[in-house]
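# Structural features, examined
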Amino acid sequence: MNQYAMEGNKALGASTGIEVHRLSPALGAELHGIDLGAGVDDATFAVIHAALMEHQVIFFRDQDMSVDRHLELSRRFGSPTYSKKLPKYDNYDHVSLIESDGSKVNVGGRWHTDNTDFAAPPMGAVLYAEETPQIGGDTLFANMYAAYDALSPGLRTYLDSLVAQHDNSLTVLRFAGTGNVSAGGLEVGPPVEHPVIRVHPVTGRRALYVNSSYTRRILGVPDVESRHVLAMLMEHVMNPEFQLRFQWKPRSVAIWDNRCTQHFAPNDYRERRRMRRVQIDGDVPRHVSDGK
């Protein structure tokens with residue numbers, strides 16, 4: 001059995017009365033005993049942060065969390081940043097609206113890591129569900145530590161030193177003229193370069209860091225090699241053993257670590273799905289050669 005599937009759930013909140021329940025062998029946990037609407041003190045945030053570092057994506061149910069509390073919680077992790085790809089939520093500068101009835105192509109409807117077209121991609125996001133479909137509208141998450149660990153030793157060594165180019169051109173191509181992204185999201189910025197294998201700045205673990213939305217090519221290798229290696233890695237990411245599927249309900253909250261996960265929002269519903277999202281600033285990805 002893989003190491004990530006063997007790790008037991010730590011009693012992260014034992015001293016505070018907070019319960020942390022693992023949701024799958026691969027990643028994900030649900031936290032109970034926290035009222036996010038009442039605000040989060042230092043001790044509670046320490047449990048939340050530790051759970052996120054351990055489980056990579058964490059969830060809360062039945063939360064009455066205002067926009068101000070949403071922003072307050074997000075600022076605990078870092079500075080909120082606005083995503084040009086999504087419309088603003090009620091004119092809040094750092095809160096985005098995700099709303100659809102499923103009749104159009106879904107912005108998040110492919111495996112991706114958020115905004116790796118940024119020089120310093122976001123560290124994560126906090127997503128709050130206001131309305132959800134009765135059937136469908138789930139979000140799948142995948143563990144990129146596990147994706148890296150499952151590769152053969154020789155392939156890991158090969159990938160450790162590689163760099164890939166990322167940009168927003170694929171998103172623009174998919175959504176131009178659909179009305180599913182904001183006008184700012186249809187601007188293609190200059191390409192950026194990131195390691196194919198990223199070292200997490202907190203855990204020190206290595207994670208696969210290419211995705212189907214933004215990664216264009218691997219640099220320093222022939223084009224045919226780049227295409228085939230990326231195609232293999234994109235298929236590898238979809239392994240169900242790396243995944244968790246989360247079923248949304250109104251007033252649910254998800255927080256994910258964008259540095260070591262990918263996610264996918266299937267376009268499998270035909271009822272209103274309305275979310276608000278705060279994206280959090282991140283850092284420049286660290287290469288394996290940079291050391292711990």
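In this text, all values refer to a predicted model and were calculated from it rather than measured experimentally.

Right, let's talk about the overall build of the protein for a bit. On a plain count of helices and strands, the protein comes out with 7 helices and 17 strands. Buried residues in the protein amount to 52% of all 292 residues. Look at the contacts in the protein between residues 6 or more apart in sequence, and 82% of them connect residues 24 or more apart. Taken as a whole, the protein presents about 12600 Å² of accessible surface, with 50% of it coming from carbon and sulfur.

Here we come to the sheet that holds strand β12 (residues 215–218). Across the sheet, which stays open at both edges, the 3 strands sit in the order β9-β8-β12 with antiparallel pairing between neighbours. Looking at which strands have only one partner, the edges of the open sheet turn out to be β9 (192–195) and β12. Ignoring strand direction, the axes of neighbouring strands in this sheet form an average angle of 35°. Relative to β9, strand β8 (residues 163–166) runs antiparallel, the two sharing 4 bridges. Paired with Q165 across the two strands is E193, which belongs to β9.

Quick look at the confidence of the model for the protein now. Looking at the protein, pLDDT values average 91 and 90% of them are 70 or higher. Low pLDDT (under 50) marks residues 1–11, which in the prediction has 20 contacts with non-local residues, meaning those over four places away or in another chain.

This brings us to the packing of helix α5 (residues 153–160) against helix α7 (residues 223–237). It is the contact of α5 with α7, at a shortest axis distance of 13 Å, that shows an interaxial angle of 120°. Looking at the two axes, α5 sits oblique to α7. For the pair α5 and α7, the sense of crossing is left-handed. Mapping the contact onto sequence places L155, Y158 and L159 in α5 and E225, V229, M232 and L233 in α7. Grouping the constituent residues of the contact of α5 with α7 by class yields 6 nonpolar, no polar and 1 charged.

Attention now moves to the packing of aromatic side chains. For any two aromatic rings, the description comes down to two numbers: the centre-to-centre distance and the angle of the planes. As enumerated under the stated definition, the model contains 6 aromatic pairs in all. With a centroid separation of 4.9 Å and 75° between ring planes, the pair formed by F45 and F77 is classed as edge-to-face. Of this pair, F45 sits in helix α2 (residues 42–55) while F77 is found in helix α3 (residues 67–77), placing the two residues 32 residues apart along the sequence. By relative accessible area, which is 12% here, F45 ends up buried. The rings of F59, F141, F246, W248 and W256 are connected pair by pair, giving a single aromatic cluster. Directly above the ring of Y148 sits R156, whose terminal nitrogen or CZ lies 5.8 Å from the centroid.

In the Ramachandran plot, D62 falls in the positive-phi region, its phi being about 55° despite a non-glycine side chain. When you line up the elements, D62 lands in the loop between β3 (57–60) and α3. Not every positive phi belongs to a glycine, and N91 is a case in point at roughly 65°. Tracing the sequence through the fold places N91 in the loop between β4 (80–81) and β5 (96–100).

Further remarks concern the side chain of R273. Of note, R273 is situated in strand β16 (residues 273–280). Look at R273: it is buried, it has no salt bridge, and the nearest opposite charge is D268 at 7.0 Å. Once you skip the residues sitting within four places of it in the chain, R273 turns out to touch I98, E99, S100, E131, P133, G137, D138, T139 and W248.

Calculation rules
- Residues numbered from 1 in each chain as written.
- Predicted model: local features only at pLDDT ≥ 70, side-chain atom pairs only at ≥ 80, totals over all residues.
- Heavy atoms only, no water.
- Helix = DSSP H or I, 4+ residues; strand = E, 2+ residues; numbered from the N terminus.
- Buried < 20%, exposed > 50% of the residue type's maximum accessible area, 1.4 Å probe, protein only.
- Contact = heavy atoms within 4.5 Å.
- Areas by Shrake-Rupley, 256 points an atom, 1.4 Å probe, with all protein chains shown as cover.
- Pairing = 2+ DSSP bridges.
- Axes fitted to C-alpha atoms, helices over the stretch in contact; angles between N-to-C directions.
- pLDDT = per-residue confidence, 0-100.
- Parallel < 35°, antiparallel > 145°, perpendicular 65-115°, else oblique.
- Left-handed = near helix turned anticlockwise from the far one by under 90°.
- Nonpolar A, V, L, I, M, F, W, Y, C, P; charged D, E, K, R; others polar.
- Phe/Tyr/Trp six-rings, centres within 6.5 Å; stacked < 30°, edge-to-face > 60°.
- Lys NZ or Arg CZ within 6 Å of the ring centre and 35° of its normal.
- Lys, Arg positive; Asp, Glu negative; His and termini not counted.
- Salt bridge = Lys/Arg side-chain N within 4 Å of Asp/Glu carboxyl O.

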